[in-house]
Every structure is written in C-alpha cells, then in structure tokens.
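Take a look at the letters that make up each chain.
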Amino acid sequence: MLYINCPHCGLRSQNEFAYGGDATVKRPELNKEISDQEWDNFVYLRKSPRGKHLELWHHISGCRQWIKVERDTSTHEIFKTYKANEAIE
Amino acid sequence: MQKYSVFSLIKNAFSDHQNWEVAWKDPTPKKEYDVIIIGGGGHGLATAYYLAKEHNITNVAIIEKGWIGGGNVGRNTTIIRSNYMHDENGLFSEFGMDLWRKMSQDLNYNVMFSPRGIINLAHSDAQMNAYSRRGNSMRLNGIDAVLLNREEVQKLIPMADFSDNVRFPIFGGLMQPSAGTARHDAVAWGYARQADSMGVDIIQNCEVTGFDISNGKILGVRTSKGDIKAKKVGLCVAGSTNILAEMLNMTLPIETHLLQACVSEPIKPLLDHVVTFGAGHFYCSQSDKGEMVMGGDLDGYNSYSQRGNLPTLQHVLTEGIAMFPFLSKLKMLRTWGGIMDMSMDGSPIIDKTHINGLYLNCGWCYGGFKATPASGWTFAHTIAQDRVHDLNAGYSLNRFSTGNLIDEKGLGTKTWIS
C-alpha cells in the first residue's frame, strides 16, 4: 500500500487516489503554430524513468484535488508532494 | 546436439540421468558479432533462433542482464490466443498460432501447447454485439471464433456464477477454440537450446551499459563484460526498454508498468478452458498441476519494481470471485509481478530505428507471451533483411506521429488503465 501525503488533507492511503500519469508533460500553447513532432511529444512520448518520477494523482475519494507526487518508480518511496499549481523545486 | 526422445530418456535412465548434455553453453563473449540481441527473454531467444534457422545468420550473441527466462517469459499466465479485431493484430497473431502448433516438434522440446480454447464472457446485450462484431472480424481473417449464448457457456463452465441475482449476469461469450496455453519456461529453454546448437552465444549475467554509435550507425554495445562490436543490434527488453532508450537519447511511446499474477493451491481438474471476466479485467485457467492461474489489472502507476501491491490484487480477485465464487475457498499459493512495456495504443513496435543497424522490438503490453514465436520470426526478418515484413509493417515506430494507430481497445494513451 502506498501512503500519499495529500497537501490538502494529509496522509491518506493509495485507495483514495486515482493515478494521472507523468506530470512533466506540457500541452503545447494555445493558438501557436505547432509541428507534428510537438504534438507527438505531448500526446505519446514518455521518458518513463526508473527512479525519480514526477506524476499527477487525483484525490478522488477525498478533496478531489489534483496533486503532484515525486515518487521513485523502483522503490515506491515518495519524496515530496505538491499542490497542482505549486512551483517544483 | 543430443535429440530428446523416449529412447534417449531410457538410455540416460541407465546412467541415473548423469550424462545428459548441457542444454546450452556458458560462453565468454567474442570480440565481434554479426548481430547482438539484447534481452534473453522469450522474444530475444526466438529472434536468435529464427536468425539462425531462417536467415542462416549464426554469428549471433544474446546478452542478458539476469538469467534467460527470468523475466516476463517466466512470469506470465501462459495464455496463447489470436482473438483480435484489427487486421494487423489478427494476422500477426494467427501466423504465430501456426508456429505454436508446430513448436514442440520444431524445437524438439515439449512446450506442452494445450489448445483448450479461450472464452471471453459477456455481461450485457451491448457486449454481445461487440463480441459478435469482433468474432466476425476474426473469421474474416481466418481465425476461429464462436459466439456462445448463456446456455452454451453454462455447459462449458458450470462453476461460473449463473445465479439470478448477480451484479454482472453472464449473457454469453466469445470463444476461440484454438487458443490455449503452453508451458512458458519450456518455450524459453527450447528456443535457447536450439539457438545454442546452431552457434548462438547466450551470454547471461551481462548488463548493457551503453552503445557505440558513430555517424548514425551502430558499432557495438558496452557491457559489464567489456565492449562487444556488432554490425547490427536488436533491442528485446520489454519493461526495460525505456532504460536503454535513455542511453540512446530516444524517447518512446512506451511507459513501464507493473502487472501481477497469482496461483492458488492445486485442486482436482475443474476448469477446461481459459476464461476472462467481461465486466472488469480478470482471467483464469487451470495449470496441469491443478493450480488456478489468475491475473488482471496493472498496478496502475509507473513501476520498475517487479513486485506487486496488495490493493490491486484484492481488486482483481474480487472480480475473480464474482465470476467463479468457488475461488474464495482456495488458498493463495504464490503471487508475483513483472514489468510491462505499455505502448500508447496497446499494440507492439517491431521496426528499424533512426540509427542504422539498430532495431527495436517493444510495446507488448501484457500480451507478449503469445507473440513469442511470431515476434521472433518477424524481428529476425527485419534484422536480417534490414526491412520490415508485411506481418509487422503495421507495428511501426512512427505510427504515432502519422496517426496510423492500432488501438485494439480504444483506450487511448492512459496506459495504466488498459
């Protein structure tokens, strides 16, 4: 069981959360000329590192806020959690 | 190579089975090979075998970080099927079914292929319609498919929950009678033994640490046992694909996720088929030892841990008990996990790359085991001829940027949901 420290609610079990994938992926800017490659990068291409991974989780059975979690993908250690709009150090 | 037969078994019985030849050698790597295959799993071993057998390329090494057959080829639930709707997947898998049927003879190794049939259960009228469409698509591609109504399913699997007040009543199912199971370890060992006998070097406990690339051409790989030159290199590393891609400065449409499987204590023969639950994600078959072999959803977040987490197991087995209530009375014998190379459309990639002489085989999601022979056969063709075969032409790397996806389930890019 993962225990995720929701920045809004405190420490909760993984059962309350839904996963949202890689949080470093950025949607291309609106109304900008965008190449196929940029769309490809955004929609399909993922680093999927072994080690530290910044990812989105949705506290769906709690405060229903999206949060960012920095987690190790091989040990599942959670280093830090952030509010969705919080700056990442 | 010593041929396995009833006569060699009797002969060796007289010497207490002490004089069997080793099945494959443990060579030190040569300085240079024509082809290096990275990854000594089912697909890598099959690729080396078909390179030697079909293309007469025998100066080949397989480099494996651990031991052969210790990854996903030894961790799957051994299901073999070709019940796909899309042409690319259907034709590719059905080609593989032919190789499965001949495999034990071809490899002189009993892989215990058991075409016992797979039944996908339907729990609504809409699902019956969808299965009818899928079954018809399969039949157009020459794959056997039978649509079963509720009574026909009940005759085949009376132990499923057919009571009146269940949450997901069984409306019927789609069956592929020629689908089945095989002994996964034997597949790895059979391919390894034949490849070795044709001159392939199987180098275990050897980790790839980098690549030698110059002017867009591959020159060799760096490993924990020294640098090895190669004219061509094939990547066949499933869940570790992204780790090697990072060394190559490539970003792929792949995420690595963890899938669990488990077996119950052995019981007397009860279940004759492979059965999947249609209202969730759960599948079950009974091994020759009598264990119920079960699997289902991914753990649901990127993972390289090769170890599962309990909430997912609980969720999957809840579905299992909804389908087969008797499972709740069984004790769990073992659970384990493997790491899957989840592609963004659920279909694999077997293709050349932008680096000359470097070939990519990945994205098998959790359907890699059944694809072992067809994947090895087409990957060997792609490497030997430096061009893709018709069978794997759809499995291109650039299909994501060109929009030619093969999205069998229509789930999109949330790979952890599929």
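Residues numbered from 1 in each chain as written. Chains lettered and ligands numbered in written order. Predicted model: local features only at pLDDT ≥ 70, side-chain atom pairs only at ≥ 80, totals over all residues. Heavy atoms only, no water.

Asker: Explanation requested: the packing of aromatic side chains in the structure shown.
Answerer: Under the criterion given, the structure shown has 20 aromatic pairs over all chains. With a centroid separation of 4.8 Å and an interplanar angle of 65 degrees, the aromatic rings of Phe95 of chain B and Trp377 of chain B are classed as edge-to-face. Taken as a pair, Phe95 of chain B in helix α3 (residues 87-107) and Trp377 of chain B in helix α9 (residues 372-385) lie far apart in primary sequence, 282 residues in all. With relative accessibility at 17%, the residue Trp377 of chain B sits in the buried group. One aromatic cluster is present, formed by Phe17, Tyr19 and Trp57 of chain A together with Tyr301 and Trp416 of chain B through successive ring pairs. When the ring centre of Phe79 of chain A is taken as reference, the NZ or CZ atom of Lys52 of chain A above it lies at 4.7 Å. Stacked on the ring of Tyr4 of chain B, the Lys or Arg Arg193 of chain B has its end atom at 3.5 Å from the ring centre. (Phe/Tyr/Trp six-rings, centres within 6.5 Å; stacked < 30°, edge-to-face > 60°. Helix = DSSP H or I, 4+ residues; strand = E, 2+ residues; numbered from the N terminus. Buried < 20%, exposed > 50% of the residue type's maximum accessible area, 1.4 Å probe, protein only. Lys NZ or Arg CZ within 6 Å of the ring centre and 35° of its normal.)

Asker: Which parts of the structure should I look at to understand the interface of chain B and chain A?
Answerer: Accessible area lost upon the coming together of the parts is a frequently used measure of interface size. Taken together, the contact pairs 24 residues of chain B with 22 residues of chain A. Interface area lost by chain B to chain A is led by Tyr301, Asn302 and Tyr304 of chain B, which between them contribute 27%. Linking chain B with chain A are one salt bridge. One salt bridge connects Glu255 of chain B with Arg46 of chain A, and the closest N-O pair in it is separated by 3.9 Å. Counting across the chain B and chain A interface gives 13 residue pairs in polar contact (both at pLDDT 80 or more). For the side of chain B that touches chain A, the secondary structure elements donating two or more residues are α7 (241-247), β12 (254-264), β15 (292-302) and α10 (399-402) of chain B. The element best represented in the side of chain B that touches chain A is β12 of chain B, accounting for four residues. Among the residues forming the side of chain B that touches chain A, the class breakdown is 11 nonpolar, 11 polar and two charged. (Contact = heavy atoms within 4.5 Å. Buried area = accessible area lost by both parts, 1.4 Å probe. Salt bridge = Lys/Arg side-chain N within 4 Å of Asp/Glu carboxyl O. Polar contact = N/O pair within 3.5 Å; in protein donor to acceptor, adjacent residues only side chain to side chain. Nonpolar A, V, L, I, M, F, W, Y, C, P; charged D, E, K, R; others polar.)

Asker: Help me understand the pattern of salt bridges, please; the structure alone is not making it clear to me.
Answerer: Pairing is possible between side chains that carry opposite charge, provided their charged atoms lie close to one another. On inspection of all chains with the given rule, the structure shows 17 salt bridges over all chains. For Arg12 of chain A, the salt bridge goes to Glu16 of chain A, with nearest N and O atoms at 3.2 Å. Linking Asp196 of chain B and Lys25 of chain B is a salt bridge whose minimum nitrogen-to-oxygen distance equals 2.9 Å. Within this pair, whereas Asp196 of chain B is found in helix α6 (residues 184-197), its partner Lys25 of chain B is found in the loop between α1 (6-13) and β1 (32-38), the two being separated by 171 residues in sequence. Its relative accessible area of 7% is what places Asp196 of chain B among the buried residues.

Asker: What is the right way to look at the sheet that holds strand β16 (residues 332-343) of chain B in this model?
Answerer: Remark on secondary structure: sheet strands pair via backbone hydrogen bonds, oriented parallel or antiparallel. Residue and element names in this part refer to chain B. The strand order across the open sheet built from eight strands is β5-β6-β4-β13-β14-β15-β12-β16, with neighbouring strands paired in mixed fashion. Strands with a single pairing partner mark the edges of an open sheet, and in this sheet they are β5 (146-149) and β16. Ignoring strand direction, the axes of neighbouring strands in this sheet form an average angle of 25 degrees. Pairing analysis gives five bridges linking strand β4 (residues 118-122) to strand β6 (residues 172-176), with the strands arranged antiparallel. Residue Asn120 lies in a different strand from β6, and its bridge partner there is Leu174. Sitting on the sheet, helix α8 (residues 310-323) is in contact with β4, β12, β13 (274-277), β14 (282-286), β15 and β16, with an inclination near 140 degrees to β15. (Pairing = 2+ DSSP bridges. Axes fitted to C-alpha atoms, helices over the stretch in contact; angles between N-to-C directions.)

Asker: Any chance you could explain the environment of Ala160 of chain B here in plain terms?
Answerer: Residue and element names in this part refer to chain B. Within the element layout of this structure, Ala160 appears in the loop between α5 (150-156) and β6. Judged by relative accessible area, which is 7%, Ala160 ranks as buried. Measuring from C-alpha to C-alpha, the distance between Ala160 and Asn309 comes to 27 Å, with 149 residues separating the pair along the chain. When residues no more than four places from it in sequence are discounted, the contact partners of Ala160 are Ile170, Met323, Phe324 and Pro325.

Asker: Is there a simple way to think about the environment of Tyr395 of chain B in this case?
Answerer: Residue and element names in this part refer to chain B. With respect to the helices, strands and loops of the structure, Tyr395 is situated in the loop between α9 and α10. Measuring from C-alpha to C-alpha, the distance between Tyr395 and Ile38 comes to 19 Å, with 357 residues separating the pair along the chain. Filtering out sequence-adjacent residues up to four positions away, Tyr395 remains in contact with Glu88, Asn89, Phe92, Ser347, Pro348, Ile349, Ile350, Asp351 and Ile406.

Asker: How should a nonpolar patch on the surface be read in this particular structure?
Answerer: A surface patch of nonpolar side chains, amounting to about 510 Å² of accessible area, comprises Val6, Phe7, Ile10 and Phe14 of chain B. Along the chain, Phe7 of chain B falls in helix α1. (Patch = residues over 30% accessible without salt bridge, like charges linked within 9 Å, V, L, I, M, F, W, Y side chains within 5 Å. Areas by Shrake-Rupley, 256 points an atom, 1.4 Å probe, with all protein chains shown as cover.)

Asker: Looking at this structure, I do not really get unusual backbone geometry. What am I missing?
Answerer: Most of the time, phi is negative for any residue but glycine, and the peptide bond is trans. Residues and elements named next belong to chain B. The backbone of Asp16 shows a phi angle near 55 degrees, a positive value even though the residue is not glycine. Along the polypeptide, Asp16 turns up in the loop between α1 and β1. Of note in the backbone geometry, Asn205 takes a positive phi value of approximately 50 degrees without being a glycine. Within the secondary structure, Asn205 sits in the loop between β8 (201-203) and β9 (208-214). Its relative accessible area of 55% is what places Asn205 among the exposed residues.

Worth remembering: the numbers are spatial, not functional.
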